[in-house]
Amino acid sequence: MNLIVQGHNLPTPSLKQLAKLTGAAAIEAVSPTAFRLRAADPGQRAEVAAFCEENQIDCGWVPAERRIGDFGLLVMDMDSTLITIECIDEIADLQGLKPQVSAITEAAMRGEIDFAESLRRRVSLLEGLDQSALQRVYDERLQLSPGAEALLAAARAAGIKTLLVSGGFTFFTERLQPRLGLDYTAANTLEVAGGKLTGRVLGDIVDAQGKADSLNQVRTQLGLRREQVIAMGDGANDLKMMAEAGISIAYRAKPVVRAQASYALNRVGLDGAIPLLG
């Protein structure tokens, strides 16, 4: 196994300590923020995890034979994963309702409230808001997470298809798709009447099961095996989707998500996924 360690300004003594702890054969620089400890002993997983947590280092065990070309589909959540914001919270802010909506969002992400119900409750608070607020959020507040474009470029270069699946809204996924060259998207549609939000969602809600179903639908369409799929997310609503992938990556995620994911990225950007893919 190889041990991938990542962080900003990783100190040499920490790398040497990890190499000693795992009996690694070599320390190789992968990027300015990532190092590979080659032929490391996975028998020291608990000790390595504790050391990395104490020293604020992201770490992950990667089979030496793994290659990025082994994968065929990258599935990503949108809000707080591909992008830095929760779109519905920012829409609500324009209505002066961000604290109320954010509280429901946080509870849903922790898994304390059923997602579909939480979405209906949040969207209902937006009734009467002018549709132009959506464009304002996209133009003024939406930012890509660090490393997003680098990760997508690496996936594209390896021939990996991309699926953006979101419990958020098609208004945003449909604009990000051409901007980032994404292959597939799935999200919820806000009902609009007379240029204003009605406070309702059209059709079936893309919830946790909906995300998992979208992943499996595209995977089947592409003729891929489960182990050829990578899924990335940050909230409890992503867990079913992540469970359907060969590799799951929790990005700056809630504890419940980090605990169940194959890997967790807490200190580096989305491009931190690249060295984990081989």
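What counts and how
Residues numbered from 1 in each chain as written. Predicted model: local features only at pLDDT ≥ 70, side-chain atom pairs only at ≥ 80, totals over all residues. Heavy atoms only, no water. Pairing = 2+ DSSP bridges. Helix = DSSP H or I, 4+ residues; strand = E, 2+ residues; numbered from the N terminus. Axes fitted to C-alpha atoms, helices over the stretch in contact; angles between N-to-C directions. Contact = heavy atoms within 4.5 Å. Disulfide = S-S within 2.5 Å. Buried < 20%, exposed > 50% of the residue type's maximum accessible area, 1.4 Å probe, protein only. Parallel < 35°, antiparallel > 145°, perpendicular 65-115°, else oblique. Left-handed = near helix turned anticlockwise from the far one by under 90°. Nonpolar A, V, L, I, M, F, W, Y, C, P; charged D, E, K, R; others polar. 1 Å grid on protein atoms, 1.4 Å probe; cavity = no way out; pocket = protein on both sides within 12 Å on 5 of 7 lines; lining within 4 Å. Points joined across faces, edges and corners; volume = space filled by probe spheres on them.

(A) Fine view of the sheet that holds strand β2 (residues 26–31). Within the open sheet, the four strands sit side by side as β2-β3-β1-β4. Their pairing is antiparallel. Each edge of the open sheet carries a strand with a single partner, namely β2 and β4 (58–62). The average undirected angle you get between the axes of adjacent strands in this sheet is 25°. As paired strands, β2 and strand β3 (residues 34–38) are joined by five bridges and run antiparallel to one another. When the bridges of β3 are listed, A29 appears paired with F35. Lying over the sheet, helix α1 (residues 12–22) contacts β1 (2–6), β2, β3 and β4, oriented at roughly 25° with respect to β3.

(B) Region of interest: the state of the cysteines. Going through the model one piece at a time under the given rule, you end up with zero disulfides. Cysteine C52 shares no disulfide, and the gap to the nearest cysteine sulfur, in C59, comes to 3.7 Å. The exposure class assigned to C52 is buried, which follows from its relative accessible area of 1%. Using a relative accessible area of 24% as the deciding quantity, one classes C59 as partly exposed.

(C) Expanded view of the packing of helix α6 (residues 132–140) against helix α8 (residues 170–180). As a packed pair, α6 and α8 sit with axes 10 Å apart at the nearest point and diverge in direction by 40°. The orientation of α6 with respect to α8, classified from their angle, is oblique. As for the relative orientation of α6 and α8, their crossing is right-handed in sense. Across the interface between the two elements, L134, Q135, V137 and Y138 from α6 touch F171, F172, R175, L176 and R179 from α8. In terms of residue class, the contact of α6 with α8 is made up of six nonpolar, one polar and two charged.

(D) Spotlight on the layout of surface pockets. Approximately 310 Å³ is the volume attributed to the largest pocket. In this structure, the largest pocket is lined by 15 residues; those nearest its centre are A49, D58, C59, G60 and A264. At the level of secondary structure, the elements contributing two or more residues to the lining of the largest pocket comprise α2 (45–54), β4 and β11 (263–265). Looking at the lining of the largest pocket residue by residue, the class counts come to seven nonpolar, three polar and five charged.

(E) Here's a closer look at empty space enclosed by the protein. This model, assessed by the stated rule, comprises one cavity of 30 Å³ or more. The computed volume of the largest cavity comes to approximately 200 Å³. Residue lining of the largest cavity: 20 residues in total, with D79, E86, M109, F115 and N237 positioned closest to the centre. When contributions to the lining of the largest cavity are tallied by element, the ones reaching two or more residues are α4 (98–109), α5 (115–124) and β6 (161–169). With four residues, β6 is the largest single contributor of residues to the lining of the largest cavity. Of the residues that constitute the lining of the largest cavity, the class distribution is seven nonpolar, six polar and seven charged.

(F) Layout of the pairing of strand β5 (residues 73–76). Here β5 shows no split at all, with L73 and V75 on one side and L74 and M76 on the other all buried. The pairing of β5 with β6 spans four bridges and is parallel. Within β6, the residue paired with M76 across the bridge is L164. The pairing of β5 with strand β9 (residues 229–233) spans four bridges and is parallel. Within β9, the position partnered with L73 by the bridge is V229.

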